[in-house]
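Examining the three-dimensional arrangement
This is what each chain is made of:
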Amino acid sequence: MTHAVMSCLHANLAALEAVLADIDQLGITTITCLGDLVGYGPQPNEVVELVRERAIPSCQGCWDEDIIEGLNSCECSYPSQLAERRGHLAHQWTADQLSEANKVFLASLPMTLRRDRLLFVHGSPNSQHEYLLPDMDAFAALERVETAGADTLFCGHTHRPYVRDLRDGSIRVRIQSSTDHTSPAERQMPLPVRRIINAGSVGEPRHGNTNATYVIHDEETGSVEIREVPYDLERTCQAIVEAGLPPVFAWRLSQGFEYAERADDASHVCER
Amino acid sequence: MGHTLLISGPPGCGKTTWICQRLQAHRGPRAYLRLGGFGDEGQQQARDGGIDAAVLQDRVDNLLDLANPDHALAPRPDNLLALIEVPQFQPPSASGPDGIDRRLIPALDAHHLVPDAHLHFGRDRELPAQDTLDFRRLESWWHNLSGTVWDPASLSSFWFELVNGAYGDVYRAKALFNLPDGRGFFFNWMVSQSGSQFEPLTAVAPPQGRPARLSRLVVQGKALASGGIETTLSDCLLSDAALELQQAALRLPVPQPSAAS
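Residues numbered from 1 in each chain as written. Chains lettered and ligands numbered in written order. Predicted model: local features only at pLDDT ≥ 70, side-chain atom pairs only at ≥ 80, totals over all residues. Heavy atoms only, no water.

1. Topic: the overall build of chain B
Convention followed: By definition, any uninterrupted DSSP run of H or I lasting at least four residues is a helix, any uninterrupted run of E lasting at least two residues is a strand, and each is numbered from the N terminus. Relative accessibility under 20% of the residue-type maximum defines a buried residue, over 50% an exposed one, and the middle range a partly exposed one, all with a 1.4 Å probe and only protein chains included. In short, Shrake-Rupley with a 1.4 Å probe defines the accessible areas, and a residue's cover is counted only from the protein chains shown. Only four residue types enter the charge count, namely Lys and Arg as positive and Asp and Glu as negative; His and the chain termini do not. To locate a charge, take atom NZ for lysine, CZ for arginine, CG for aspartate or CD for glutamate.
Along the backbone of chain B there are 8 helices and 10 strands. Across its three principal directions, the C-alpha atoms of chain B cover 70 × 50 × 30 Å. Expressed as a percentage of its 261 residues, the buried residues of chain B come to 48%. Total accessible area computed for chain B in this model is approximately 12,500 Å², and 53% of it derives from carbon and sulfur atoms. One way to put it: in chain B the 22 positive side-chain charges average out to a point 3 Å from where the 28 negative ones average out.

2. Some words on the environment of B:Asn62
Positionally, B:Asn62 belongs in the loop between helix H3 (51-59) and strand E3 (64-65). The exposure class assigned to B:Asn62 is exposed, which follows from its relative accessible area of 73%.

3. Here we look at the confidence of the model for chain B
How we decide: The predictor attaches a confidence to each residue, called pLDDT, with possible values from 0 through 100.
Here chain B averages 88 in pLDDT, while 93% of its residues score no lower than 70. Confidence metrics for the complex model read pTM 0.79 and ipTM 0.81.

4. Topic: the pairing of strand E1 (residues 3-9) of chain B
Residues and elements named next belong to chain B. Our working definition: Strand pairing is assigned whenever DSSP detects at least two bridges linking the two strands.
Within E1, 6 of the 7 residues are buried, which leaves it mostly tucked inside the rest of the structure. Across 7 bridges, the pairing between E1 and strand E4 (residues 81-87) is parallel. When the bridges of E4 are listed, Ser8 appears paired with Val86. Two strands pair when backbone bridges link them, and E1 and strand E5 (residues 117-120) are joined in this way by 4 bridges, in the parallel orientation.

5. Re the pattern of salt bridges
Stated formally: Put simply, a salt bridge is a Lys or Arg side-chain nitrogen that is within 4 Å of an Asp or Glu carboxyl oxygen.
Scanning the entire structure with this criterion turns up 24 salt bridges over all chains. Residue B:Arg210 is joined to B:Asp240 by a salt bridge in which the shortest nitrogen-to-oxygen separation is 2.7 Å. Within this pair, whereas B:Arg210 is found in the loop between strand E9 (197-200) and strand E10 (216-222), its partner B:Asp240 is found in helix H8 (residues 240-251), the two being separated by 30 residues in sequence. Judged by its relative accessible area of 32%, B:Arg210 is partly exposed. When salt bridges with common partners are traced through the structure, they connect A:Arg117, A:Glu146, A:Asp151 and A:Arg194 into a single cluster.

6. Quick notes on the domain arrangement of chain B
Residues and elements named next belong to chain B. We apply this condition: Residue ranges assigned to each domain were obtained from an automatic or database domain assignment. Each of two parts loses accessible area, computed with a 1.4 Å probe, when they are put together; buried area is these two losses added. Under the rule applied, a polar contact is a pair of N or O atoms within 3.5 Å (in protein, one hydrogen donor and one hydrogen acceptor; residues adjacent in sequence only if both atoms are side-chain atoms).
Domain annotation of chain B identifies domain 1 (3-120) and domain 2 (138-250). Measuring from the centre of the C-alpha atoms in domain 1 to the corresponding centre in domain 2 gives 26 Å. Both faces considered, domain 1 and domain 2 share a buried interface measuring about 1,400 Å² in area, 53% of it formed by carbon and sulfur atoms. The interface formed by domain 1 and domain 2 holds 2 salt bridges in total. The shortest N-O distance in the salt bridge between Lys174 and Asp52 comes to 2.8 Å. Applying the counting rule to domain 1 against domain 2 returns 4 residue pairs in polar contact (both at pLDDT 80 or more). Taken together, the elements giving at least two residues each to the side of domain 1 that touches domain 2 come down to helix H2 (43-46) and H3. If you tally residues by element for the side of domain 1 that touches domain 2, the top one is H3, at 6 residues.

7. Examining helix H6 (residues 152-163) of chain B
Residues and elements named next belong to chain B. To be explicit about the condition: A helix's residues, less one, multiplied by 1.5 Å, set its expected span.
End to end, H6 covers 17 Å across 12 residues, agreeing with the expected 16 Å (1.5 Å per residue, within 8%). Within H6, the full set of buried residues consists of Ser154, Leu155, Ser157, Phe158, Trp159, Glu161, Leu162 and Val163. Gly165 sits one or two residues past H6 and shows a positive phi near 100°.

8. As for unusual backbone geometry
Even without glycine at this site, A:Asp36 takes up a positive phi of about 55°. Tracing the backbone through its elements, the reader meets A:Asp36 in the loop between strand E2 (31-33) and helix H2 (44-53). Assessed through its relative accessible area of 1%, A:Asp36 is described here as buried. Located in the positive-phi region is B:Asn79, a residue other than glycine, with phi close to 60°.

9. Examining the interface of chain A and chain B
Accessible area lost upon the coming together of the parts serves often as the stated size of an interface. Put simply, the test is: We call two residues contacting when some pair of their heavy atoms lies within 4.5 Å. Think of it as three bins: nonpolar holds Ala, Val, Leu, Ile, Met, Phe, Trp, Tyr, Cys and Pro, charged holds Asp, Glu, Lys and Arg, and polar takes everything else, Gly as well.
Listed by partner, the interface residues are 11 residues for chain A and 17 residues for chain B. Regarding the contact of chain A and chain B, the summed buried area is about 1,100 Å², with carbon and sulfur atoms giving 52% of it. Ranking the residues of chain A by area buried against chain B places A:Gln81, A:Leu82 and A:Trp251 at the top, with a combined share of 52%. For the pair chain A and chain B, the interface holds 3 salt bridges. Our count for the contact surface shared by chain A and chain B stands at 12 residue pairs in polar contact (both at pLDDT 80 or more). Elements with a minimum of two residues in the side of chain A that touches chain B: helix H4 (81-97) and helix H8 (247-255) of chain A. A total of 4 residues in the side of chain A that touches chain B trace back to one element, the largest contributor, which is H4(A). Residues that form the side of chain A that touches chain B fall into these classes: 5 nonpolar, 2 polar and 4 charged.

Here is the structure:
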C-alpha cells in the first residue's frame, strides 16, 4: 500500500491545501500527519478544521502540546532571547485564536501512531521535542527506532526531509558469570536494518527553498519519495500581516527560513 | 612641521578605513576630525552618530580628538598628522586644497585647521579605488543604543535579517554594539561587498552593568521598516535582570589548577 506522511503544518492553509491536492491527484487515500498543526502561521483554526474534516490520523506535535499545556513546555529549546520572544508571541496569538473545539481536538491527539511495524511520531519516540537530525549519531538513532519496536520510524520536527537507513548495526555484549570466573564470554548480535523517514514540513519549510514537503512510502517495496509542492506563498504572507503577526514572520517564510531558530543541540529533550 | 589632510568621498567608499590605516602607520602624534556634510549633499544619509570617531579612538592610541575644543585650540605638537573626514558626493571642482568646498572654511577656521592637501575618493589616485554608491536617494535611519547590551545570539539573528532585507532594502548598515562580557563590536556592511565586517574594539569594559561607551546603529536604504527594526531591537536587548544573570557568571573567579602533590 502506498501512503502519504506529512508533518509540521504550522497553520499554513495554502500550503496544506496544495499538499492535499497533490496527494489527491496521485490517488493516495491513506494519509498520516505527524503533528504541529498550529504555531507561528496565520490560520490555526482553518488548518485544524481541514485535518478534522479529512479525518487524517495525526499525532501530537510540540506546538500542539504547548497550546494545550500552556506556555511554554519547551522554552529551553530557544537558542536566543529573540527566538524566545517571538515564540511566546506566536504562542499567545495562536492560543487566543484557537476555538475550544479545536483545542479539545489537539488535546486528544496521541503521542504516537503505530501501523504494524511502522511508527509515526512528531520528534522522536522519546519526546515531541527531540530532534532526530540526519547526522545524528548512528547508534543513538538506531536506539530510538529499536527501542520503539519499529522497523520504520516516521518523524518530522526538523523541517528537513530525509531518509536514513541504519545498516550494519550490532551490539557486542560481554557476559561474566558469577560462578565461572574464567574469561567473560563475548557475543556480538547483528541488528536488522532500521529506517528513519523525516517528512519535512508542509507549512514552514527550511530545506533550502519555500516549497512544502511531504513523503510517499510504499509499504510493499519500501520505496520512499520526498515530494516538493509549490504553493501560494504570497497568500500566506499576506495573511500573516493581516492577522497582526510580526511582518518579519512573512519575510522569514518567504526566504525559506524558520520563524524562530531551533536549538542547535540535536539531542535536546525538554526537562520540564 | 605637521601635516593636515582633508579626505572626502561618499559614505561607504572607505574613508574611515583608509584614515585609520594612515593614523596607525604614523610615528608621531595624530589627530582626527569628522565634519558633517551639507543638506544638498545628502547630510542625512552620511550621518554616522559618532561611530567612526569612536572606532578610531579605540584603534589609534592617544588620538587627539579635534572636535574637543581643548585639543582643537591647543598648540599643535611637532610632526602632527591631522586627518579631516568629510562626506561629499560630488567630485571637487578643482584639484588640491583649492577644491575644498568653501562652505567648510568656517568650520576649519573654528578648529584652527588649514589643510595642506585635499584627497577625494574616486578622483585621486593616492586613495584606493572603491565601489561608491549614490546615497543621495536613500533614506537614513539611526538609533541611539547607548547603555544597551545585546543577547549575543539575538544580535546574530537581527544582523542577518537586517542585511538580508527583512526591514527594507538596506544598502549600508554600520553599528557599535555592546555584549554582556564587556566587549564592544564594530559591525559594518555594504550591499556592494560580500559579507559583513565584525571587529571587536580593543577596549573591554568590566562585566559589571552597562558600558558607558558610545553605541549606535545607522542604516541607509529604501523603504526602511524602522518600526520593525525597533520591535526586534527591543526583543534582543537584555534587561537589567538578564544582564546581571549573565555577568554574575563571568565575575566568578576562574578555578586554578591545584599544584601537584
